[in-house]
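# Structural overview for review
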Amino acid sequence: MQRAINPTLFSSLTFIFALFFSFTTKAQIPPTPQPNGFQPVIINDAARTARSLPRADGLSATDIYLKEQERIKQQKQEVEILRQEIDRYKTATQKPPTPLRDTNKYKKDLADFNNALQQLKNIQAGKHSLADAFFVTESIFGKPYLSRAEYDNILNKSADFIKKWMKANAYDINNNDDKHAAIQKFMSEQLSIVETQTNNDGKLTYKTATHQPFFYDYDDYQADKDHRNFFVTKCLATGGGQCSSMPKVYLLLAEKLNTPAYLSYAPQHSFIKYKTKDGEIENYEPTSNWRINNLWYQENLFISADA
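Fair warning: this is a prediction, and the values are worked out from it, not measured in the lab.

## Describing helix α4 (residues 103-124)
Taking 1.5 Å of rise per residue, the 22 residues of α4 would be expected to cover 32 Å, and the 31 Å separating its terminal C-alpha atoms lies within 8% of that figure. For α4, the full list of buried residues reads Asp109, Ala116, Asn122 and Ile123. For α4, the angular spread of buried residues about the axis comes to 145 degrees, placing them on one side. Away from its buried face, by an angle of more than 90 degrees, α4 presents the exposed residues Asn104, Lys107 and Gln124. Following α4 by one or two positions, glycine 126 has its phi on the positive side, about 90 degrees.

## Some thoughts on the nonpolar core
One broad rule of soluble globular proteins: the nonpolar side chains tend to lie buried together. Ranked by internal contacts, the top residues of the largest apolar core, which has 34 residues, are Tyr151, Ile162, Ile183, Met187, Val249 and Tyr250. Looking at this core, the elements with two or more residues in it are α5 (130-141), α6 (148-168), α7 (176-188), β1 (191-198), α8 (232-238), α9 (246-256) and β6 (269-275). Once you skip the residues sitting within four places of it in the chain, isoleucine 162 turns out to touch Ala182, Ile183, Phe186, Leu253 and Leu257. Core analysis: the next-biggest nonpolar cluster, separate from the first, contains five residues, Ala266, Phe271, Tyr297 and Leu301 among them.

## What about the pairing of β6?
With six of seven residues buried, β6 lies mostly within the body of the structure. In this structure, strand β5 (residues 262-266) lies alongside β6, joined through five bridges in antiparallel fashion. Within β6, the position partnered with alanine 266 by the bridge is histidine 269. Sheet topology note: the β6/strand β7 (residues 281-284) ladder contains four bridges and is antiparallel. Within β7, the residue paired with lysine 275 across the bridge is isoleucine 281. From the end of β6 to the start of β7, which pair antiparallel, there are five residues, and glycine 279 there has a positive phi angle of about 85 degrees.

## Describing unusual backbone geometry
Positive phi, normally seen in glycine, also occurs at aspartate 220, with a value near 55 degrees. In this structure, aspartate 220 sits in the loop between β3 (215-216) and α8. The backbone of alanine 223 sits at a positive phi, close to 55 degrees, despite the residue not being glycine. Examined against the element boundaries, alanine 223 turns out to sit in the loop between β3 and α8. A relative accessible area of 10% places alanine 223 in the buried class.

## Section: the side chain of asparagine 283
Residue position: asparagine 283 is located in strand β7. Only 2.6 Å separates the side chain of asparagine 283 from the side chain of lysine 273, close enough to count as a polar contact. Of the polar contacts made by the side chain of asparagine 283, one reaches the backbone oxygen of isoleucine 292; its length is 2.8 Å. Setting aside residues up to four positions removed in sequence, asparagine 283 forms contacts with Phe271, Ile272, Lys273, Trp290, Arg291, Ile292, Asn293, Asn294 and Tyr297.

## Focus: the sheet that holds β7
Strand pairing in a sheet relies on backbone hydrogen bonds, with the paired strands running either antiparallel or parallel. An order of β5-β6-β7 is seen for the three strands of this open sheet, with the pairing classed as antiparallel. The sheet terminates laterally at β5 and β7, the two strands that pair on one side only. Going across the sheet, the axis of each strand differs from the next one's by a mean of 35 degrees, ignoring polarity. Packed on one face of the sheet, α9 meets β5, β6 and β7 and runs near 25 degrees to β6.

## Overview of the packing of aromatic side chains
Using the criterion set out here, one finds 10 aromatic pairs in the structure. Note on tryptophan 165 and tyrosine 171: the rings are 5.0 Å apart at their centroids and 40 degrees apart in plane angle, and the pair reads as tilted. For tryptophan 165, a relative accessible area of 8% translates into the label buried. You can call tyrosine 171 partly exposed: its relative accessible area is 22%.

## Quick notes on the side chain of glutamate 285
Relative to the elements of secondary structure, glutamate 285 occurs in the loop between β7 and α10 (294-300). Buried charge glutamate 285 goes without a salt bridge, the closest partner of opposite sign being lysine 273 at 9.4 Å. What glutamate 285 contacts, discounting residues up to four positions off in sequence, is His269, Ser270, Phe271, Trp290, Ile292 and Tyr297.

## Examining the packing of α5 against α9
Geometry of a packed helix pair, given as the angle between the helix axes and the separation of the axes. At a closest axis distance of 9 Å, the pairing of α5 and α9 adopts a crossing angle of 145 degrees. Residue-level contacts link Leu130, Ala131 and Phe134 of α5 to Lys248, Leu251, Leu252 and Glu255 of α9.

Quick notes on the rules
Residues numbered from 1 in each chain as written. Predicted model: local features only at pLDDT ≥ 70, side-chain atom pairs only at ≥ 80, totals over all residues. Heavy atoms only, no water. Helix = DSSP H or I, 4+ residues; strand = E, 2+ residues; numbered from the N terminus. Expected span 1.5 Å × (residues − 1). Buried < 20%, exposed > 50% of the residue type's maximum accessible area, 1.4 Å probe, protein only. Arc of directions from axis to C-beta. Core = buried A, V, L, I, M, F, W, Y, C linked by side-chain atoms within 4.5 Å. Contact = heavy atoms within 4.5 Å. Pairing = 2+ DSSP bridges. Polar contact = N/O pair within 3.5 Å; in protein donor to acceptor, adjacent residues only side chain to side chain. Axes fitted to C-alpha atoms, helices over the stretch in contact; angles between N-to-C directions. Phe/Tyr/Trp six-rings, centres within 6.5 Å; stacked < 30°, edge-to-face > 60°. Lys, Arg positive; Asp, Glu negative; His and termini not counted. Salt bridge = Lys/Arg side-chain N within 4 Å of Asp/Glu carboxyl O.

What follows is the structure, encoded as C-alpha cells:
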C-alpha cells in the first residue's frame with residue numbers, strides 16, 4: 001500500500017532544490033591574488049612619520065636610545081657608590097670605640113717629651129753637643145738603632161781613625177781644609193791605618209785597621225715603611241744612609257774634629273756647606289762625594305734666586 005505525498009512538503013522541497021541549483025550554476029570563483037596588487041597596511045602612520053622626522057637637536061632615534069641607556073648606567077653607578085659609602089659608614093660606626101689611653105703611660109710620655117724639649121733648649125744655649133741633639137731627638141721618637149754608649153763609641157772611634165789616617169798621610173791635623181778633605185775620604189773611600197798594641201809581655205804588635213766607606217741605602221730610602229731609616233743612628237750602625245742621614249754623620253765627624261760645617265737644605269734634600277781657608281763657601285754631597293756649585297742647585301732643585 002503506498003502513502004500519499006503531502007503536497008505542501010513537496011512544494012517546499014522543490015523550491016529549495018531550485019534555489020540551490022541556481023546558485024551552483026551561476027556563482028563564479030574569484031581570481032588568485034597577485035603580489036603586484038598588494039597594498040601596504042600602515043598602523044598608526046602618523047606616529048611612525050613623526051618618529052622618522054629629524055629632531056631640532058639633530059639626534060636620531062638610535063642616538064636618543066643610546067643616550068638614555070648611558071644615563072641609566074650612570075645613575076646605577078651613582079647609586080652603587082652611594083650604597084658603598086653607606087656600607088663603609090655602617091662598618092665604621094659598628095667598630096668598637098678606640099680604647100682610652102692609659103693615663104699613667106700618657107703622664108710618663110709627657111714627662112719624657114718635656115725632658116727632651118729641655119735638653120734641646122740646653123743644646124741651643126750651647127750647653128751640649130750636636131751629637132746630643134740628634135740622639136735626644138731619635139730616642140724620644142723610639143727604638144734608635146744604637147744605645148747611647150754604642151753611639152758615642154762609634155763616633156769616638158771614627159774620629160780617632162780619621163786623626164791617625166791624617167797623620168799617616170801627611171795631612172795637617174790643625175788645618176780645617178785638611179780636616180774636611182779627610183772626612184770626605186772617610187765617608188767615600190776604603191781607608192786603612194796601622195795600629196800598635198802592647199802585648200802582655202811588653203812587646204809591640206802591629207795591626208791593620210780598615211774602614212769601609214758609607215753607601216747609599218736604596219731600601220726604603222724615603223723612610224715610608226720605617227721612619228728610623230732617616231736616623232743618624234741607623235747610618236752609623238749599618239754604614240748605609242741617604243741625603244737625610246749621611247750629611248748628619250758628616251756634621252758629627254766635623255764636630256768631633258772641631259771644624260765648622262753646616263747642614264744646608266734644599267727641596268727634598270740636604271747637604272753640607274763649609275768655608276775654605278780662602279773664604280769660599282764649598283758645597284759637598286756626602287751621598288755622592290760631589291762638590292756642586294749653587295747655580296746647579298738653583299736650576300735642578302727649583303730654588304729661586306731669593307731663596
